[in-house]
Amino acid sequence: MKISAIVTLKNEVLDPQGKVVKQTLKNMGYSNISDVRQGKFFEIHIKEKDPIKGRKLAEQVCKKLLSNTVIEDYKIKVDE
Amino acid sequence: MNSSVIVFPGSNCDRDIAVALEKFKIKNKMVWHNETNLPKSDLVVLPGGFSYGDYLRTGCIAGKSKIINDVIKHAKKGGLLLGICNGFQILTEASLLPGILLRNKKLKFISKDVFIKVLNFKNSFCSNYKDKNIIKIPIAHNEGNFFANNNLLDRLEDKNLIAFKYCDIKGDINELSNPNGSSKNIAGIFNENKNILGMMPHPERSIDPFLSSEDGSLIFKSLLK
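Residues numbered from 1 in each chain as written. Chains lettered and ligands numbered in written order. Predicted model: local features only at pLDDT ≥ 70, side-chain atom pairs only at ≥ 80, totals over all residues.

### Side note on the overall build of chain B
For step 1, the next point in the chain: The helix and strand tally for chain B stands at 5 helices and 11 strands.
For step 2, the next point in the chain: Seen along its three principal axes, the alpha-carbon backbone of chain B occupies a region of about 45 × 35 × 35 Å.
For step 3, the next point in the chain: Residue burial in chain B is summarised as follows: out of 225 residues, 52% are buried.
For step 4, the next point in the chain: A separation of at least 24 residues holds for 75% of the contacts in chain B among residues at least 6 apart in sequence. (Helix = DSSP H or I, 4+ residues; strand = E, 2+ residues; numbered from the N terminus. Buried ≥ 20, exposed ≤ 12 C-beta atoms within 10 Å, placed from the backbone. Contact = placed C-beta atoms within 7 Å.)

Next comes the structure, spelled out in structure tokens:
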């Protein structure tokens, strides 16, 4: 089973890299981009067929290692 | 006094801190991160550097390494634990200290001497700073921007757990004297029992008249008391 996890900084946490990317896009002429938040993407392959169990495991992994929940949120998607 | 310095792949201040500890007659052992047992230690030091190449988040992989379980046990029993720079980042990632170190506000690696104010003398690390509470000390980091939510910041202030704040030469704590954007100019904090200290500045780099400052020496002298 393949699971995707996206980790991003919480909204209240300053994301200086995202800010710079947004400003650069603006300078390039993309005037209607109002905000950019930068994050991390993980593709996780799990030896598991039950999507509920797979998601549970991915949740654990996100909480314990892939994100620091003091500053980051994560989203999980079961792909296949 | 016996100490252990934990060495991770990518640590680069491990030998500096060993030299400092030995200078003050603390018997030190270097401990590789893959070990599972700490030698008998009164003090454990997590040194500065770029453990595991700063992969994922600074200090994060080191915070889950094999030796950390024993380091946590040591700290829970009341043993002294000092994290310097990357060591401070590891302490927060291992949940031994609250908060987290974010990337410097201006996205630049900062390596320079700064002034910090010592705010708490009633602990094993800082008692010798009573008569000299504004000190000059080097910092060298890319992720030193201490972040915590307002509740935690209030708790740190109320319980007197802030060890150091960045200041200017006169001791004024303000935005101009904040090199990296840290909340409330925080440069170092304690846990509630004050046996764990995490700090971004490098005391081991200021222990000799040949270096830019000797002010870091007082930490090691305090430890010997």
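Next comes the rest of the description.
### Some details on the pairing of strand β9 (residues 162-167) of chain B
Residue and element names in this part refer to chain B.
For step 1, the next point in the chain: Extensive coverage of β9 is indicated by the burial of 6 of its 6 residues.
For step 2, the next point in the chain: Pairing between strand β6 (residues 110-118) and β9: 4 bridges, direction antiparallel. Looking at β9, one finds that Val-118 is bridged to Phe-164.
For step 3, the next point in the chain: Relative to strand β10 (residues 186-190), β9 runs antiparallel, the two sharing 3 bridges. Of the residues in β10, the one forming a bridge with Lys-165 is Ile-186. (Pairing = 2+ DSSP bridges.)

### Some thoughts on the environment of Gly10(B)
Residues and elements named next belong to chain B.
For step 1, the next point in the chain: Relative to the assigned elements, Gly-10 resides in the loop between β1 (2-7) and α1 (14-23).
For step 2, the next point in the chain: Owing to 16 C-beta atoms within 10 Å, Gly-10 belongs among the partly exposed residues under this scheme.
For step 3, the next point in the chain: Not counting the four nearest positions on each side in its chain, Gly-10 is found in contact with Gly-49, Phe-50, Ser-51, Tyr-52 and Gly-53.

### Regarding the nonpolar core
Generally speaking, nonpolar side chains in soluble globular proteins are found buried as a group.
For step 1, the next point in the chain: In this structure, Ile6(B), Ile116(B) and Ala163(B) are the most contacted members of the largest nonpolar core, which totals 71 residues.
For step 2, the next point in the chain: Ignoring anything within four residues of it in the chain, the contact list for Ala163(B) reads Leu119(B), Asn120(B), Cys126(B), Gly188(B), Ile189(B), Phe190(B), Leu197(B) and Met199(B). (Core = buried A, V, L, I, M, F, W, Y, C linked by C-beta atoms within 7 Å.)

### Quick look at the confidence of the model for chain A
The predicted structure's coordinates, where accompanied by low pLDDT, should not be read in detail.
For step 1, the next point in the chain: Taken as a whole, chain A shows an average pLDDT of 93; of its residues, 100% reach a score of 70 or greater.
For step 2, the next point in the chain: Taken element by element, chain A is modelled with least confidence in helix α1 (residues 16-27) of chain A, mean pLDDT 91, and with most confidence in strand β2 (residues 39-45) of chain A, mean pLDDT 96. (pLDDT = per-residue confidence, 0-100.)

### As for α1(B)
Residues and elements named next belong to chain B.
For step 1, the next point in the chain: Listed in full, the buried residues belonging to α1 are Asp-14, Ile-17, Ala-18, Ala-20 and Leu-21. In an axial view of α1, the angular spread of the buried residues amounts to 160 degrees, which keeps them on one side of the axis.
For step 2, the next point in the chain: Where α1 is buried, its residues meet β1, β2 (27-32), β3 (43-46), β4 (80-84) and α5 (217-224).
For step 3, the next point in the chain: Downstream of α1 by a residue or two, Lys-25 has a phi angle that is positive, lying close to 60 degrees. (Arc of directions from axis to C-beta.)

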